[in-house]
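Take a look at the letters that make up each chain.
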Amino acid sequence: MAERHLELGLFAPTVGSMPPAGKPGAFLLSHAEQRTEPTFDYNLRLARMLDRAGLELFFMAQRGGKGFGPSRFWGTSLDSFTTASALAMATEQLQLVSTVHTAFFHPGLVARIGATLDQISHGRWRLNIVSGWAENDFRMLDIPLIEHDARYRRSAEFVEVLGKFWTEDWFDYAGEYYTIRQGTCAPKPASPPLLYNAGSSAAGREFAARYCDWFFTAALTPEAVKEEIADVQARAATYGRRLRIVTYALTMCRETEAAAKQEMEDILAQGDYDAAREFLEGISGQTLGTTKSVLGEGRALDDMLKSLVLGVGSSKLIGPPEKVAHDIARLHEAGVDAIGLTFRHTEEELADFIQRVVPLLEQHGVRRPRQTPAARVAD
Ligand SMILES: Cc1cc2nc3c(=O)[nH]c(=O)nc-3n(C[C@H](O)[C@H](O)[C@H](O)COP(=O)(O)O)c2cc1C
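Summarised in this report is the structure supplied together with it. Remember, it's a predicted structure, so these values are computed and weren't measured experimentally.

### A closer look at the packing of helix 3 (residues 107-121) against helix 5 (residues 148-167)
Following both chains from N to C, one finds helix 3 and helix 5 inclined at 45°, their axes separated by 9 Å at the closest point. Here helix 5 runs oblique to helix 3, going by the angle between their axes. Relative to helix 5, helix 3 is oriented so that their crossing is right-handed. Where helix 3 abuts helix 5, its residues Pro107, Gly108, Val110, Ala111, Gly114 and Ala115 lie against Phe158, Val161, Leu162, Phe165 and Trp166. Looking at the contact of helix 3 with helix 5 residue by residue, the class counts come to nine nonpolar, two polar and no charged.

Written as structure tokens, this is what we have:
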């Protein structure tokens, strides 16, 4: 029986597609119907449901620009700072993770936003650091997309400056990307908010190992997860640090495995392969290692596109509740400390997951039982 408590929640549908270009949807690059809306009101209902159920994680990506393909997949993205602010007022225990692109924000500004969110959320706010990769986002704002590893060097300086604003007064900083004179930020957070990173390249892992508290693995299987964790923890150990590990997973909990697989086939048959191809070209052209480690080494283009269609390259949790719980337990045993779930029809499927899968995880010792299980989904 595992002793660590597995945190669960959502890789939230604050990013997605909206009409007129696409149909509403968030994580499936498919024309198949998706009853998921990347709107604030919808995400508010999800956050409240998670909070009542005692689930922990509300992870918000942040995108910009026009999205991918003619359908403009991921062309809509709520701002993850202002969304976190509103959700902090609507929830009591949920951890809210915002994402910042280091190329688009100044760390002095983010320090103040973060200090304010720390007060509003009473310490429940966290920050995912991304260095950027989608050329369109940069082109739109006329911000140069500098070379891959240089982006991580800028992110490193960003985090150093951010940390100083959160803990020091009247500091000076002279870096390649930032110069700060007599830096000060008041208020300061009660303690520095935890940092996340999802880089899969060597530079990305090194950045996470040295500067972050949580590493987001996009590896597909428990075996690959284990390998990636061993690598990133070895890097962290050289800095005397240890990371916690989070991943994301498309969850399709159905009465039978056959029904779930059939549904996957239907989604694939209606796949938005134009958007998937553009997404893949963008991310593999701009990152070192993403195609290999996010979508699997040596895999055929076709497989990679299918993996993108089904949950944007995440691992899959597919089948009846017992099978889904079993696969979650395997990820946990492989070293995963938290999972951001994604769904086809998020609101209804999350409610079902809370009722049918979470109790199994508690029985198996993957999660500590809640005190009031009856209140899980009820309003
Ligand atoms: C779970 C997850 C969340 C991510 N969130 C964002 C995001 O919000 N915005 C973004 O531009 N990139 C996001 N990325 C992309 C990463 O920041 C990074 O560019 C990508 O994983 C490639 O890493 P690499 O450049 O180290 O190869 C995310 C990746 C993953 C796996």
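### Side note on the site of the ligand
Around the ligand, the structure places 21 residues, and the nearest of them are Gln62, His101, His148, Tyr152 and Ser201. Contact distances for the ligand include 2.7 Å between an oxygen atom and a side-chain N or O atom of Tyr152. Between the ligand and the protein, one listed contact pairs an oxygen atom with a side-chain N or O atom of Ser201 at 2.6 Å. Calculation on the ligand without its partners gives an accessible area of 620 Å², and the protein chains cover 94% of this total. Along the lines of polarity and charge, the residues of the shell around the ligand split into ten nonpolar, ten polar and one charged.

### A few points about helix 1 (residues 40-53)
Helix length check: helix 1 (14 residues) gives 20 Å between terminal C-alpha atoms against 20 Å at 1.5 Å per residue, within 8%. When we look at burial in helix 1, the residues that qualify are Tyr42, Asn43, Leu44, Leu46, Ala47, Met49, Leu50, Asp51 and Ala53. Buried residues in helix 1 make contact with strand 1 (7-11), strand 3 (57-59), helix 2 (80-90) and helix 13 (346-356). Trailing helix 1 by a residue or two, Gly54 shows a phi angle of about 80°, which is positive.

### Let's talk about the pattern of salt bridges
Under the counting rule described, the total for this entry stands at 24 salt bridges. The salt bridge involving Glu7 is made with Arg244; its shortest N-O contact spans 3.8 Å. In this pair, Glu7 is assigned in strand 1 and Arg244 in strand 11 (residues 244-253), connecting sequence segments 237 residues apart. Take Glu7: its relative accessible area is 10%, and that puts it in the buried class. One salt bridge connects Arg330 with Glu223, and the closest N-O pair in it is separated by 2.9 Å. You can see Arg330 sitting in helix 12 (residues 321-333) and its partner Glu223 sitting in helix 7 (residues 222-237), a full 107 residues away along the chain. Owing to a relative accessible area of 32%, Arg330 belongs among the partly exposed residues under this scheme. Counted as one network, the salt bridges with shared partners bring together Arg205, Glu206, Glu228, Asp231 and Arg235.

### Remarks on the state of the cysteines
In this structure the tally under the stated criterion is zero disulfides. The closest cysteine sulfur to the non-disulfide-bonded Cys185 is located on Cys212, 19 Å from its own sulfur.

Cut-offs and rules
Residues numbered from 1 in each chain as written. Predicted model: local features only at pLDDT ≥ 70, side-chain atom pairs only at ≥ 80, totals over all residues. Heavy atoms only, no water. Axes fitted to C-alpha atoms, helices over the stretch in contact; angles between N-to-C directions. Helix = DSSP H or I, 4+ residues; strand = E, 2+ residues; numbered from the N terminus. Parallel < 35°, antiparallel > 145°, perpendicular 65-115°, else oblique. Left-handed = near helix turned anticlockwise from the far one by under 90°. Contact = heavy atoms within 4.5 Å. Nonpolar A, V, L, I, M, F, W, Y, C, P; charged D, E, K, R; others polar. Near = heavy atom within 4 Å. Polar contact = N/O pair within 3.5 Å; in protein donor to acceptor, adjacent residues only side chain to side chain. Areas by Shrake-Rupley, 256 points an atom, 1.4 Å probe, with all protein chains shown as cover. Expected span 1.5 Å × (residues − 1). Buried < 20%, exposed > 50% of the residue type's maximum accessible area, 1.4 Å probe, protein only. Salt bridge = Lys/Arg side-chain N within 4 Å of Asp/Glu carboxyl O. Disulfide = S-S within 2.5 Å.

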